[in-house]
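Below are the chains, spelled out letter by letter.
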Amino acid sequence: MLPYSHTDARREGRFGNQADNFLGALALAKGINRTLVLPPWVEYRYGEPKSIQVPFDTYFQVEPLQEYHRVMTMEKFMQDIAPHIWPPHKRIAFCYMARGSTNESSCNAKEGNPFGPFWDTYGIDFVGSEFYGPLHYDVHHSDIADHWKMRYPSDDWPETNAPQCLGYRNEYGVATEELCFPSVETVVRQLKRVVREHGQIKYIFVATDNNNLNEPLKEAFKRTEIRIVPSDQSPHVDLAILSQANHFIGNCISSFTAFVKRHRDVKGLPSSFWAFPIKKTAQKVKDEL
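Overview of the structure. (Residues numbered from 1 in each chain as written. Predicted model: local features only at pLDDT ≥ 70, side-chain atom pairs only at ≥ 80, totals over all residues. Heavy atoms only, no water.)

1. Here's the deal with the state of the cysteines
Here is step 1 of the chain: All chains considered together, the criterion is met by two disulfides.
Here is step 2 of the chain: Through a disulfide, Cys165 is tied to Cys252; the S-S separation comes to 2.0 Å. In this structure, the disulfide formed by Cys165 and Cys252 twists by about -105° around the S-S bond and is classed as left-handed. Here the residue Cys165 occupies a position in the loop between α5 (144-151) and α6 (177-180), and Cys252 occupies one in the loop between β10 (248-250) and α10 (255-267), the gap between them amounting to 87 residues.
Here is step 3 of the chain: Within the chain, bonded cysteines paired by disulfides and numbered along the sequence follow the pattern 1-2, 3-4.
Here is step 4 of the chain: Sulfur of Cys180: no disulfide; nearest cysteine sulfur belongs to Cys252 and is 8.1 Å away.
Here is step 5 of the chain: Judged by its relative accessible area of 26%, Cys180 falls in the partly exposed class. (Disulfide = S-S within 2.5 Å. Helix = DSSP H or I, 4+ residues; strand = E, 2+ residues; numbered from the N terminus. Buried < 20%, exposed > 50% of the residue type's maximum accessible area, 1.4 Å probe, protein only.)

Quick look at the structure:
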C-alpha cells in the first residue's frame, strides 16, 4: 500500500505541481508493485484560513487508472482498508528527511498548511516517522525499485489487493481446495442455479487455462437450448466477454477474476464465486458448538 499526499508539492505549485506529483507517485507505485491511495486535491480558496481538500474523483475518473494499476481513493482506503492494515497505533509518516521546526527528528507531518488540514480531513495523527532517504522515485532508470522492496517489504509494511470473497482478514472463511479448483459437481450445480434465476440465458462461456469441462457441461445442459462456448484462449477477448456477461462466476483466488469483478462492480453487474459461500460440514458445525 502506498498512501501519499499532495502536500509533498510546494504550496505555490497549486494544481500543476500536484498533478505532476501524482504522476510520479503513480509511476513509483507501479514500479514497486504497490497499491496507490489517491489523495484529495489541495485547493486554496480566497478568504479561507486553511486549505480545502477535494476528493480525487471529483475531477478525474478512477476506473481508467485501475486499468493501468491498482489504485483507490483516500476515502475508500480510510473507510474500508485502514481500520485493518493501518490502525491509529501503526500510522507512520514517511519523508525523505526530517522537516519543520517542532521536532528535528520527525517528519512533523502535520505542521503548517496544507499539511495539518490535509491529514485532519481524515482524522489522521501519526505515532512516528520513517525517513526513506537516500531512496528516490526514479524506478525506471536504475535498480531503485529493488531497493524500495528490500527496505520496505510488504510483510512489514502491509499491502492489500481486492479482497475477493474471503475478506481482507479471512473474516468470511479461509481458502480451500474447492475454492481454487472447483469440482465438476460444484460447477454444474452453480451454473444450473444461475440459469434458473436468470431464465433467458442462451450461452455459457467458459474461460479457463485448465479444463474447459466441455463434455460434462454439454451433458448437464443437453435437454436445454443452451450452447456451451469455450474460450479461444485470448485473455483480452475473455475479459471483454466476462465483463459484459449477464452473470459472472469467478475463481475467488484468481487475480484475473478480481480484474473482471472490479469492472462489473463498477457497472452494477452481478457476480459470484465458485464454491462460495463456503458450506460448513456437519462435523465442523458440531465442533464450533
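2. Section: the packing of helix α9 (residues 235-244) against α10
Here is step 1 of the chain: The interhelical angle for the contact between α9 and α10, taken along N-to-C directions, is 40°, at an axis separation of 9 Å. As far as their axial angle goes, α10 and α9 are oblique. For the crossing formed where α9 meets α10, the hand is right-handed. Along the contact surface, α9 presents Pro235, Asp238, Leu239, Leu242, Ser243 and Gln244, while α10 presents Phe256, Phe259, Val260, His263 and Arg264.
Here is step 2 of the chain: Residue composition of the contact of α9 with α10, by class: six nonpolar, three polar and two charged. (Axes fitted to C-alpha atoms, helices over the stretch in contact; angles between N-to-C directions. Parallel < 35°, antiparallel > 145°, perpendicular 65-115°, else oblique. Left-handed = near helix turned anticlockwise from the far one by under 90°. Contact = heavy atoms within 4.5 Å. Nonpolar A, V, L, I, M, F, W, Y, C, P; charged D, E, K, R; others polar.)

3. Here we look at the pattern of salt bridges
Here is step 1 of the chain: Enumeration according to the criterion identifies six salt bridges in this entry.
Here is step 2 of the chain: Of the charged contacts in the structure, one is a salt bridge between Asp80 and Lys76, with a shortest N-O distance of 3.1 Å. In this pair, Asp80 and Lys76 are both assigned in helix α3 (residues 74-85), four residues apart and thus about one turn of the helix distant.
Here is step 3 of the chain: For Lys76, a relative accessible area of 40% corresponds to the partly exposed category.
Here is step 4 of the chain: Within this structure, Lys110, Asp120 and Asp125 form a network of salt bridges that share partners. (Salt bridge = Lys/Arg side-chain N within 4 Å of Asp/Glu carboxyl O.)

4. Some details on the environment of Thr102
Here is step 1 of the chain: Residue placement: Thr102 occurs in the loop between β6 (92-95) and α4 (115-120).
Here is step 2 of the chain: Not counting the four nearest positions on each side in its chain, Thr102 is found in contact with Asn108 and Glu111.

5. Details of α9
Here is step 1 of the chain: For α9, the full list of buried residues reads Asp238, Leu239, Leu242 and Ser243. Down the axis of α9, the buried side of the element spans an arc of 120°, and every buried residue falls inside it. The exposed residues of α9 that point more than 90 degrees off its buried face are His236 and Gln244.
Here is step 2 of the chain: Buried residues in α9 make contact with β8 (203-206), β10 and α10. (Arc of directions from axis to C-beta.)

6. Overview of the side chain of Thr186
Here is step 1 of the chain: Following the sequence through the fold, Thr186 ends up in helix α7 (residues 184-198).
Here is step 2 of the chain: Within the local environment of Thr186, its side chain forms a polar contact with the side chain of Glu178, the two groups lying 2.3 Å apart.
Here is step 3 of the chain: In terms of polar contacts, Thr186 uses its side chain to reach the side chain of Ser183, at 3.1 Å.
Here is step 4 of the chain: Ignoring any residue separated from it by four or fewer positions in sequence, one finds Thr186 in contact with Glu178 and Ala275. (Polar contact = N/O pair within 3.5 Å; in protein donor to acceptor, adjacent residues only side chain to side chain.)

7. A look at α7
Here is step 1 of the chain: For α7, spanning 15 residues, the distance from its first C-alpha to its last is 21 Å, which sits close to the expected 21 Å at 1.5 Å a residue.
Here is step 2 of the chain: The secondary structure elements touched by the buried residues of α7 are α6, β8, α8 (214-220), β10 and β11 (271-273). (Expected span 1.5 Å × (residues − 1).)

8. Looking at a nonpolar patch on the surface
Here is step 1 of the chain: A contiguous nonpolar patch, built from Phe15, Tyr59 and Phe60 and spanning about 300 Å² of accessible area, is present on the exposed surface.
Here is step 2 of the chain: Inspection of the secondary structure puts Phe60 in the loop between β4 (52-54) and α2 (63-68).
Here is step 3 of the chain: By relative accessible area, which is 38% here, Phe60 ends up partly exposed. (Patch = residues over 30% accessible without salt bridge, like charges linked within 9 Å, V, L, I, M, F, W, Y side chains within 5 Å. Areas by Shrake-Rupley, 256 points an atom, 1.4 Å probe, with all protein chains shown as cover.)

9. Looking at the pairing of strand β9 (residues 227-230)
Here is step 1 of the chain: Of the strand pairs in this sheet, β8 and β9 are connected by four bridges, and their pairing is parallel. Counted as the bridge partner of Tyr203 is Arg227 from β9. (Pairing = 2+ DSSP bridges.)

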